[in-house]
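Coordinate inspection notes
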Amino acid sequence: MKPGLPGWAGPLAVKAAVFITVMCCALAALLGVLVHVSVTNQTVDQARHQALSRLADATEAYEAGDTLLPGAGVDPEGLPPALRTLAASGQRGTIVSTHNGRPTMWAAGPVAGRRALAVEVDYSQQARTIAGLDNSILWSSGLAIGVTVLVGVFAVTRVTRRLHATARVARRISTGDLDARVDDPLTRDPSRPQDEVAAVAAALDTMASTLQSKLLSEQRFTADVAHELRTPLTGLHAAAELLPPGRPTELVRDRVAALRTLTEDLLEISRLDTGREKPAVGTEELGALARRVVRASGTDTEVRIVRSARVETDRRRLERVLGNLVANAHKHGGPPVVLTVDGPVVTVRDHGSGYPGYLVAHGPQRFRTEGGATGHGLGLTIALGQAEVLGARLVFANALDGGAVATLILPVDEER
């Protein structure tokens, strides 16, 4: 398996490291070439000046008939042909070549008979100086590039870590954790200059706070409305019971009962929205509990026990979840409705038209129904909320051969 990069080594860090490396290499190459050319020109100029000075002395000695000093001669062996030709044409010049296995600076000028008077100056020291300079440039450039890349990557990594922290908080907020905050250190002190990452973090924290405040206000409003409705509904229910028997009385009692159910559902949803509900855990036989739920529902639901299991759960909440799933299957699906227990997995399936696409993709949404269905869309919302309190996972899907399938996966104690 190919080893993965660390979580902070995203495209931004990689691109920044590549950019810094390329720029450092380009800058080091440019500076190295400039230094090399400057020092080489200076060294060559000094050697050329020395060679031309010795050529002038040799020319005076040759014209005076004196003996030439060592390293000077007419048409000496090893004189580069190009410099010999230049001297024969009446000009003076210099050239660096290799003579007897060592670098040599040659200087030559014309003498009588279209011949060349030349002197040679040992250029080994200057060549070693230039070679040493080149090695120093390479080593120093490599060291500078390495240090710069490390410092640059460290600086970019700090930024990418902050960006990844901001992204993690954004994902937590999207999953419903409205208490999540970035709390970037630069945003704590307004007097300190803030960079773009701090600005994004501050904007995200502000957005989360505003969203949380609005949602809390809506939750309080829903809870207050549902709570305030209970008192008049109780009186309305008592008054409906005093009405004389008849069809109008039945209709009134039916609507009052529906309104009371809606009010209780709203209160339950408001409690679930607070996130403070705690399960009263006990040991339950899942197969027996499923049969009890079906009997209480009074519906024609087939119960299949593939493999029963004992689970640590809140009996009341689990019965609420299964009861809502069975009721929804009979109300919005088609027969037969089958409840299957297979270990800690409970499946409720009907053979109707299946769940709407939005519900499969995004989960149940309160007060939303499609396809002419009646109701308020609260039953599955409550089932999902109670499943979360139990630490279970509730999945909605459609069977390939038709029908809606709700799968409740209860947590399993690994130590049991």
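An unreviewed UniProt entry lists the chain under the name histidine kinase, with Streptomyces camelliae given as the organism. What UniProt states about the chain under its Subcellular location (unreviewed entry) heading is, verbatim, "Cell membrane".

Right, let's talk about a nonpolar patch on the surface for a bit. A cluster of nonpolar side chains, namely Leu27, Leu30, Leu31 and Leu34, defines an oily patch on the protein surface of about 390 Å² accessible area. Tracing the backbone through its elements, the reader meets Leu34 in helix α1 (residues 11-63). The class for Leu34 is exposed, based on a relative accessible area of 51%.

Below, the discussion takes up the UniProt feature "transmembrane region" (unreviewed entry) in the chain. Under the feature "transmembrane region" (unreviewed entry), the UniProt entry names residues 12-35 and 137-156. Secondary structure across residues 137-156 comprises 100% helix and 0% strand; the distance between its end C-alpha atoms is 27 Å.

Counting 31 residues, the largest nonpolar core has Leu318, Leu325, Leu339, Phe396 and Leu408 as its most contacted members. Among the elements of the structure, α7 (286-297), α8 (315-332), β8 (337-342), β9 (345-349), α9 (357-362), α10 (379-390), β10 (393-398) and β11 (404-409) are those that each provide at least two residues to this core. Looking at this core element by element, the count peaks at six residues for α8. Once residues within four sequence positions are removed from consideration, Phe396 is found in contact with Leu325, Tyr355, Leu359, Val360, Pro364, Leu380, Val405 and Ala406. Counting 13 residues, the second-largest nonpolar core is a separate cluster that includes Ala47, Met105, Val119 and Ile130.

This part covers the packing of α7 against α8. Interhelical geometry of α7 versus α8 gives an angle of 55 degrees and a closest axis separation of 10 Å. Classified by the interaxial angle, the pair formed by α7 and α8 is oblique. Crossing hand, α7 versus α8: right-handed. Contact residues: Leu286, Leu289, Arg292, Val293 and Ser297 in α7; Arg315, Leu318, Glu319, Leu322, Gly323 and Val326 in α8.

Each value, and the rule that gives it
- Residues numbered from 1 in each chain as written.
- Predicted model: local features only at pLDDT ≥ 70, side-chain atom pairs only at ≥ 80, totals over all residues.
- Heavy atoms only, no water.
- UniProt positions renumbered as here; feature names shortened; annotations may be inferred.
- Patch = residues over 30% accessible without salt bridge, like charges linked within 9 Å, V, L, I, M, F, W, Y side chains within 5 Å.
- Areas by Shrake-Rupley, 256 points an atom, 1.4 Å probe, with all protein chains shown as cover.
- Salt bridge = Lys/Arg side-chain N within 4 Å of Asp/Glu carboxyl O.
- Helix = DSSP H or I, 4+ residues; strand = E, 2+ residues; numbered from the N terminus.
- Buried < 20%, exposed > 50% of the residue type's maximum accessible area, 1.4 Å probe, protein only.
- Core = buried A, V, L, I, M, F, W, Y, C linked by side-chain atoms within 4.5 Å.
- Contact = heavy atoms within 4.5 Å.
- Axes fitted to C-alpha atoms, helices over the stretch in contact; angles between N-to-C directions.
- Parallel < 35°, antiparallel > 145°, perpendicular 65-115°, else oblique.
- Left-handed = near helix turned anticlockwise from the far one by under 90°.

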